[in-house]
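Observations on the model geometry
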Amino acid sequence: MKKFLAIITLFFFIAPSYGELDYERLYEDTPVLDYMYETGLDEEESEDYEDYIISPYVLVRLPVKLRNKNIVLPPGYYLVKPEKEDGYRFAIFKQNGVVRGAVPVYQKSWVNPELMFPKPPKKKHKWYVQPFVTVKDIVKWPFKKLLEHRKPLPPPRAKADFRLTEDGEYYDMWLYVESSLYKMLFKLEQ
């Protein structure tokens, strides 16, 4: 027990906080992935869309021009898809079905999806509407399995969060997809 407490205390004193990251060094250490998707096509796209009625990718709006090494992403809307290939974790940025760039992920971690994506509160009905809702549920019950079979899969829960660094030079993108958090670093273009 003493070893465990010592390791935890050591971790809190050594682990860097969000503001203490050396973004310049982190940016220089990220690999260049320009050999991937040279044709601009994602061969796995049709397989990704196979079970869904809408896009399973995250829709992200970039408000400014961003650079990651030799990949420049102008402002606009992009579909983002996290991938892992050849030992690298990266995210594909697609626009109008064309791959605009593969950006390396500098850190992947696990998050609790129930905290990141809370369920919306259930709608409360008035006292005089509640009996009709109950009857509707009773009538629907025998057909529940049939209706579930026909329902398409919901896309994975996802969202993106952007953080501007303290010096205003780098843009840190946090992409949450279900229980995974992907962190990518961009340099602001003027």
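Please read all numbers here as calculations on a predicted model, not as lab measurements. (Residues numbered from 1 in each chain as written. Predicted model: local features only at pLDDT ≥ 70, side-chain atom pairs only at ≥ 80, totals over all residues. Heavy atoms only, no water.)

1. Topic: the overall build of the chain
Filter applied, for reference: Helix and strand labels come from DSSP, where a helix needs a run of H or I of at least four residues and a strand needs a run of E of at least two; each type is numbered from the N terminus. Partly exposed residues are those whose accessible area sits between 20% and 50% of the maximum for their type, while under 20% is buried and over 50% is exposed, using a 1.4 Å probe and protein chains only. Whether two residues are in contact is decided by their heavy atoms, any of which lying within 4.5 Å being enough. Computed with the Shrake-Rupley method and a 1.4 Å probe, the accessible areas treat only the protein chains shown as cover for residues.
Looking only at helices and strands, the chain features 6 helices and 10 strands. In the chain, buried positions account for 31% of the 190 residues. Taking the contacts inside the chain whose residues are at least 6 apart along the sequence as the reference set, 54% of them involve residues at least 24 apart. Roughly 13,700 Å² of accessible area belongs to the chain as shown, and the carbon and sulfur atoms make up 58% of that amount.

2. Quick look at the confidence of the model for the chain
Here is the rule we go by: The predictor attaches a confidence to each residue, and that confidence, scored 0 to 100, is pLDDT.
For the chain, the average pLDDT comes to 81, and 86% of its residues sit at 70 or higher. Looking across the chain, the model is least confident in helix α1 (residues 2-14), with a mean pLDDT of 40, and most confident in strand β7 (residues 107-110), with 94. This stretch, residues 1-19, has a pLDDT under 50; its non-local contacts, to residues over four places away or in other chains, come to 5 contacts.

3. A few points about the sheet that holds strand β5 (residues 88-95)
Rules: One bridge is not enough; two strands pair if DSSP finds at least two bridges between them. Helix axes are fitted only over the stretch in contact, all axes being lines through C-alpha atoms; the angle between N-to-C directions runs from 0 to 180 degrees.
Read across the sheet, 4 strands follow the order β1-β4-β5-β6 without closing on themselves; strand pairing throughout is antiparallel. Bordering the open sheet on either side are β1 (58-62) and β6 (98-104), each of which pairs with just one other strand. Across the sheet, the mean angle separating the axes of adjacent strands is 35° when strand polarity is ignored. Examined bridge by bridge, β1 and strand β4 (residues 76-85) share 5 bridges and lie antiparallel to one another. Paired with Leu62 across the bridge in β4 is Gly76.

4. Let's talk about unusual backbone geometry
Most of the time, phi is negative for any residue but glycine, and the peptide bond is trans. With phi around 55°, Asp86 is a residue other than glycine that occupies positive phi space. Within the secondary structure layout, Asp86 lies in the loop between β4 and β5. Phi is positive for Asn96, close to 55°, though the residue is something other than glycine. Checked against the element boundaries, Asn96 lands in the loop between β5 and β6. Taking relative accessible area as the criterion, Asn96 reaches 78% and is therefore assigned exposed.

5. A short note on the environment of Glu169
Inspection of the secondary structure puts Glu169 in the loop between β8 (158-164) and β9 (170-177). With relative accessibility at 34%, the residue Glu169 sits in the partly exposed group. Separated by 18 residues in the primary sequence, Glu169 and Lys187 place their C-alpha atoms 6.1 Å from one another. Excluding its chain neighbours within four sequence positions, the residues that come into contact with Glu169 are Phe186, Lys187 and Leu188.

6. Things to note about the pattern of salt bridges
The cut-off we apply is this: Any carboxyl oxygen of Asp or Glu within 4 Å of a side-chain nitrogen of Lys or Arg constitutes a salt bridge here.
Here the structure, examined in full by the defined rule, presents 12 salt bridges. The salt bridge partner of Arg25 is Asp29, with a shortest N-O separation of 3.9 Å. Residue Arg25 and its partner Asp29 are both found in helix α2 (residues 23-29); the two are separated by 4 residues, about one turn of the helix. Given the relative accessible area of 54%, Asp29 is considered exposed. Where Lys81 meets Glu44, a salt bridge forms, and the shortest distance between an N and an O atom there is 3.7 Å. Of this pair, Lys81 sits in strand β4 while Glu44 is found in the loop between α2 and α3 (45-49), placing the two residues 37 residues apart along the sequence. According to the relative accessible area criterion, Lys81 is buried, its value standing at 4%.

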